[in-house]
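One letter stands for each residue in the lines below.
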2 protein chains.
Amino acid sequence: MALIVQKYGGTSVGSTDRIKNVANRIAKFKAAGHDVVVVVSAMSGETNRLVALAEAMQEYPDPREMDVILSTGEQVTIGLLSMALKNIGLDAKSYTGWQVAVKTDTSHTKARIDSIDADHIHADLKEGRVIVVAGFQGVDENNDITTLGRGGSDTSAVALAAALKADECQIYTDVDGVYTTDPRVVPEARRLKTISFEEMLELASLGSKVLQIRSVEFAGKYKVRLRVLSSLQEGGDGTLITFEEDEDMEKAAVAGIAFDKNQARINVRGVPDKPGIAYQILGAVADANIEVDMIIQNVGDEGTTDFSFTVPRGDYQRTLSILNEVQKNIGAATVDGDNTVCKVSIVGVGMRSHVGVASTMFRTLAEEGINIQMISTSEIKVSVLIDEKYLELATRVLHSAFGLDDPEKVAQA
Amino acid sequence: MALIVQKYGGTSVGSTDRIKNVANRIAKFKAAGHDVVVVVSAMSGETNRLVALAEAMQEYPDPREMDVILSTGEQVTIGLLSMALKNIGLDAKSYTGWQVAVKTDTSHTKARIDSIDADHIHADLKEGRVIVVAGFQGVDENNDITTLGRGGSDTSAVALAAALKADECQIYTDVDGVYTTDPRVVPEARRLKTISFEEMLELASLGSKVLQIRSVEFAGKYKVRLRVLSSLQEGGDGTLITFEEDEDMEKAAVAGIAFDKNQARINVRGVPDKPGIAYQILGAVADANIEVDMIIQNVGDEGTTDFSFTVPRGDYQRTLSILNEVQKNIGAATVDGDNTVCKVSIVGVGMRSHVGVASTMFRTLAEEGINIQMISTSEIKVSVLIDEKYLELATRVLHSAFGLDDPEKVAQA
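Residues numbered from 1 in each chain as written. Chains lettered and ligands numbered in written order. Predicted model: local features only at pLDDT ≥ 70, side-chain atom pairs only at ≥ 80, totals over all residues. Heavy atoms only, no water.

- As annotated in an unreviewed UniProt entry, chain A is Aspartokinase from Vitreoscilla stercoraria.
- Check the Catalytic activity (unreviewed entry) section of the UniProt entry for chain A; it says "L-aspartate + ATP = 4-phospho-L-aspartate + ADP".
- Check the Sequence similarities (unreviewed entry) section of the UniProt entry for chain A; it says "Belongs to the aspartokinase family." (UniProt positions renumbered as here; feature names shortened; annotations may be inferred.)

1. Description of the nonpolar core
Now for step 1: B:Val5, B:Val37, B:Ile121, B:Val133, B:Cys169 and B:Leu211 are the most contacted members of the largest nonpolar core, which has 44 residues in total.
Now for step 2: Take this core: its biggest share by element is seven residues, from helix α6 (residues 152-164) of chain B.
Now for step 3: Membership of the second largest hydrophobic core comes to 43 residues, among which are A:Val37, A:Val39, A:Ile171 and A:Phe197. (Core = buried A, V, L, I, M, F, W, Y, C linked by side-chain atoms within 4.5 Å. Buried < 20%, exposed > 50% of the residue type's maximum accessible area, 1.4 Å probe, protein only. Helix = DSSP H or I, 4+ residues; strand = E, 2+ residues; numbered from the N terminus.)

2. Here we look at the UniProt feature "domain: ACT" (unreviewed entry) in chain A
Now for step 1: Listed under "domain: ACT" (unreviewed entry) in the UniProt record, and renumbered for this structure, are residues 266-340 and 346-413 of chain A.
Now for step 2: Along residues 266-340 of chain A one finds 35% helix and 36% strand; the C-alpha atoms at either end are 11 Å apart.

3. Here's the deal with the confidence of the model for chain A
Now for step 1: On average, chain A scores 90 in pLDDT, and the residues at 70 or more come to 95%.
Now for step 2: Here the predicted complex carries an ipTM of 0.82, next to a pTM of 0.83. (pLDDT = per-residue confidence, 0-100.)

4. Remarks on the packing of helix α1 (residues 16-31) of chain A against helix α2 (residues 46-57) of chain B
Now for step 1: In contact at an axis separation of 10 Å, α1(A) and α2(B) are set at 40° when each is read in the N-to-C sense. With respect to α2(B), the axis of α1(A) lies oblique. By crossing handedness, the relation of α1(A) to α2(B) is classed as right-handed. For the pair α1(A) and α2(B), contact is made by A:Thr16, A:Ile19 and A:Lys20 and by B:Leu53, B:Ala56 and B:Met57, respectively.
Now for step 2: Split by residue class, the contact of α1(A) with α2(B) holds four nonpolar, one polar and one charged. (Axes fitted to C-alpha atoms, helices over the stretch in contact; angles between N-to-C directions. Parallel < 35°, antiparallel > 145°, perpendicular 65-115°, else oblique. Left-handed = near helix turned anticlockwise from the far one by under 90°. Contact = heavy atoms within 4.5 Å. Nonpolar A, V, L, I, M, F, W, Y, C, P; charged D, E, K, R; others polar.)

5. Details of the interface of chain A and chain B
Now for step 1: Taken together, the contacts link 41 residues of chain A with 41 residues of chain B.
Now for step 2: Together, the buried faces of chain A and chain B total about 3,500 Å²; carbon and sulfur atoms form 64% of this surface.
Now for step 3: Area buried by chain A at its contact with chain B is led by A:Met57, A:Met83 and A:Trp98, which between them contribute 23% of it.
Now for step 4: Taken together, the links from chain A to chain B amount to four salt bridges.
Now for step 5: For the salt bridge of A:Lys86 with B:Asp62, the shortest nitrogen-to-oxygen distance reads 3.4 Å.
Now for step 6: At the boundary of chain A with chain B, the tally comes to 16 residue pairs in polar contact (both at pLDDT 80 or more).
Now for step 7: Elements with a contribution of two residues or more to the side of chain A that touches chain B: α1, α2 (46-57), α3 (63-87), β3 (92-95) and α4 (97-100) of chain A.
Now for step 8: Examining the composition of the side of chain A that touches chain B, we find that 17 residues originate from one element, α3(A), more than from any other. (Buried area = accessible area lost by both parts, 1.4 Å probe. Salt bridge = Lys/Arg side-chain N within 4 Å of Asp/Glu carboxyl O. Polar contact = N/O pair within 3.5 Å; in protein donor to acceptor, adjacent residues only side chain to side chain.)

6. Some details on unusual backbone geometry
Excluding glycine, residues mostly have negative phi values, and the peptide bonds linking residues are mostly trans.
Now for step 1: Looking along the chain, the bond that leaves A:Val100 and enters A:Ala101 is cis, with omega of 0°.
Now for step 2: Assignment of secondary structure puts A:Ala101 in the loop between α4 and β4 (102-104).
Now for step 3: Unusually for a residue other than glycine, B:Phe136 sits at a positive phi of about 80°.
Now for step 4: Inspection of the secondary structure assignment puts B:Phe136 in the loop between β6 (130-134) and β7 (137-139).
Now for step 5: Look at B:Phe136 and you get buried, because its relative accessible area is 8%.

7. A word on helix α6 (residues 152-164) of chain A
Residues and elements named next belong to chain A.
Now for step 1: Between its terminal C-alpha atoms α6 stretches 18 Å, which fits the 18 Å expected from 13 residues at 1.5 Å a residue.
Now for step 2: Buried residues dominate α6, accounting for 12 of its 13 residues.
Now for step 3: Where α6 is concerned, the buried positions are Gly152, Ser153, Asp154, Thr155, Ser156, Ala157, Val158, Ala159, Leu160, Ala161, Ala162 and Leu164.
Now for step 4: Within two residues after α6, Lys165 carries a phi angle of roughly 55°, on the positive side. (Expected span 1.5 Å × (residues − 1).)

8. Things to note about the pairing of strand β12 (residues 239-242) of chain B
Residue and element names in this part refer to chain B.
Now for step 1: Side-chain alternation along β12 places Thr239 and Ile241 on one buried face and Leu240 and Thr242 on a second face that is also buried.
Now for step 2: Bridge analysis of strand β10 (residues 194-196) against β12 gives three bridges, and the strand direction is parallel. By the bridge assignment, Ser196 is partnered in β12 with Thr242.
Now for step 3: The pairing of strand β11 (residues 226-230) with β12 spans three bridges and is antiparallel. (Pairing = 2+ DSSP bridges.)

9. Details of empty space enclosed by the protein
Take a probe with the size of a water molecule and roll it over the atoms, and the empty space left behind shows itself.
Residues and elements named next belong to chain A.
Now for step 1: Following the criterion strictly, the structure yields one cavity of 30 Å³ or more and no others.
Now for step 2: There is about 40 Å³ of room inside the largest cavity.
Now for step 3: Elements supplying a minimum of two residues to the lining of the largest cavity: β5 (113-116), β6 (130-134) and α6.
Now for step 4: Element by element, the count of residues in the lining of the largest cavity is highest for α6, at three residues.
Now for step 5: Per-class residue counts for the lining of the largest cavity are eight nonpolar, three polar and no charged. (1 Å grid on protein atoms, 1.4 Å probe; cavity = no way out; pocket = protein on both sides within 12 Å on 5 of 7 lines; lining within 4 Å. Points joined across faces, edges and corners; volume = space filled by probe spheres on them.)

10. Brief notes about the relation of the copies chain A and chain B
Now for step 1: The two copies are related by a screw motion: chain A maps onto chain B through a turn of 179° and a shift of 0.1 Å along the axis, at an RMSD of 0.2 Å. Interpreted geometrically, this transformation is the action of a two-fold axis. Across chain A, the rotation axis passes nearest the C-alpha of A:Thr72, at a separation of 2.8 Å. (Least-squares fit on C-alpha atoms with pLDDT ≥ 70 in both.)

11. Brief notes about the pairing of strand β16 (residues 334-347) of chain A
All names here are of chain A.
Now for step 1: Pairing of strand β13 (residues 256-272) with β16 involves 11 bridges; the strand directions are antiparallel. Paired with Gln263 across the two strands is Val341, which belongs to β16.
Now for step 2: Taken together, the seven bridges between β16 and strand β18 (residues 381-387) define a ladder with antiparallel strand orientation. Residue Val341 lies in a different strand from β18, and its bridge partner there is Asp387.

12. Details of the sheet that holds strand β2 (residues 35-40) of chain B
Residues and elements named next belong to chain B.
Now for step 1: The eight strands lie next to each other as β3-β6-β2-β1-β9-β11-β12-β10, forming an open sheet whose pairing is mixed. What marks the edges here is a single partner per strand, and that holds for β3 (92-95) and β10. Here the strands of the sheet are splayed against their neighbours by 20° on average, with no regard to which way each runs.
Now for step 2: Sheet strands in contact with helix α1 (residues 16-31) are β1 (3-8), β2, β6, β9 (168-173) and β11, and its direction is about 170° off that of β1.

Next comes the structure, spelled out in structure tokens:
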């Protein structure tokens, strides 16, 4: 007897047949004696359809009205899933965001959850009902409908699990868990039975699409037991995100390898080495709303410095244009760049207790003749920027070098 | 400077281009200095799409969840229209039913409005905003979403006009007003500039599809000045529904002629003439949820009576089956019927002051050799049941006999 929050994304509820499948899966948990609260997304394709309608009205649709429109997607799904549950004999009841109520700030299209009132849901659970909640949406202090931004249904589920003090929050998706790396690149990639919260956070922010990063942060803040599972296959255990530091010192140093092709490098060379230079360069980029990822500053010759950073590829040309302007003001020698680079990262809490992880990474890449252009590190991760043509090779050799090919060595797998 | 409530139906907002047209029409009223509150339906086709999804889940979809799903149709339209208004420089704000709040009883899929809170809308109007309200929906005492049933958006508009004490409620539709009869049957049919509330009520319930009958009742109860206009053409005055008895005694006795093909006659002959017979016959029909329209009981021969009534054609065979059962119990001689009949009605408050209206009707039909099978009357209407093959002929000759062909005679036209 546990209280379980389950979240099903747009693909899992993408047709009337798939919604019926979800109902059947929920019925098994009910039959096992569990209380179930379900969070659902809009049926796949529906959000895009609504966005297209809005964009036919206004080039930049009004955010408040956009949320009024977008929130209908999940509202349709909660009604349909409740009907499907009733159709197989379960008592079910739907809740929109405002009915719960999921209170958010007023930032339309990217609101943050302030509080959740769990009283009504607890009362309905006591009556034996399955509760079906619209993900992605809430209501602000003005009684206006808000949405949490793309992927926000994960956050809704975790926040609900926290408010309800649920025993587990299960995120059903089209993969059966978190892998040591992308199986399409490394066929030897293995599913992790557990991963630490910090590792998951690094993997999520490094471009792994399994979980939305805000939902992982939320789980960390409220210590929600979070599990990623497949909605397509039956009976798997998925991957559990844990909060306990692993006591097993034999655990592999590296839990997984992430990569990100959406990187472009910008170099500003021969800048006079004066205070405020970094701000002059990056301030102009930030003002243009361009997100900067890796940043490196090196001492150059004769009182000058070289400055490099990466931006999303879509912002590459715009960043170059901005810096060609800035170049005159700061007296830089040259501005150039490269938009055929990628970032490969090794992630693992084991790095704290295992020395030489970074040097193993560098040596492994050097042995394959792969040149490292930039390096950035945190306590549990090392990222390198390399030529994108080496992405698959680098990921494969690192996967092997850190023992992730070996079923015996992969963390608790 | 007036406060106007405008209602646009599904066809008027059936595409993004049509929604833009509605926005342009509203802009003209704003430019003339009026305050405007707009009530909209779901885009045409949307409600059917949602019903089909629901019926794929459950043969008889749960009414509470049906309302959760159906209410999204209007919610999308209010967002889109608000965006279209903002796009042409007007300040606009959308309201769902619960945001207003339109409080209803708990009868899902056919709820009735209990009260409307006009405070928020008044405050927004003071700020110069156009208010866009989702028709057809409300919220009950449990915070559950309710809908008012098909055509309920007309009722939403009239109820809002009453709550806001609006100067006029304008119902935009695909016809440009109320006609003396259907122009497809009588090309000489003329648009009425005004029609009394009672006449409109009779015409609405007699099968004229212009206005939903509950909205007319609501307008009568709260004395809302109601006008029917075309959303397709510019500049017409439509038809105004008035509450003042017309002081002009020269006004035509008959305002309009309605007809209804959805009629089938049932005859129960040779019934012993005892108290309770009518109940035994009609009780069985009512128990089967079949709506009875005209009813006639005639004295027959030797202590027996003949009993006739009409039902919708779709219920004809079922009604005959039920009465074949009842026949034995009540000792009726025969049960038969005819499903090739129709009802033609003349309607007009002028009947009160003009004698001989009914006899003019009967004489006119007799001169054309049209046999009258049943007659039913109210203070301002006379309905006759005739063979359906005479429907067009009867309507044309009555239209002419009551001077409705003549532009000079048609009420204030």
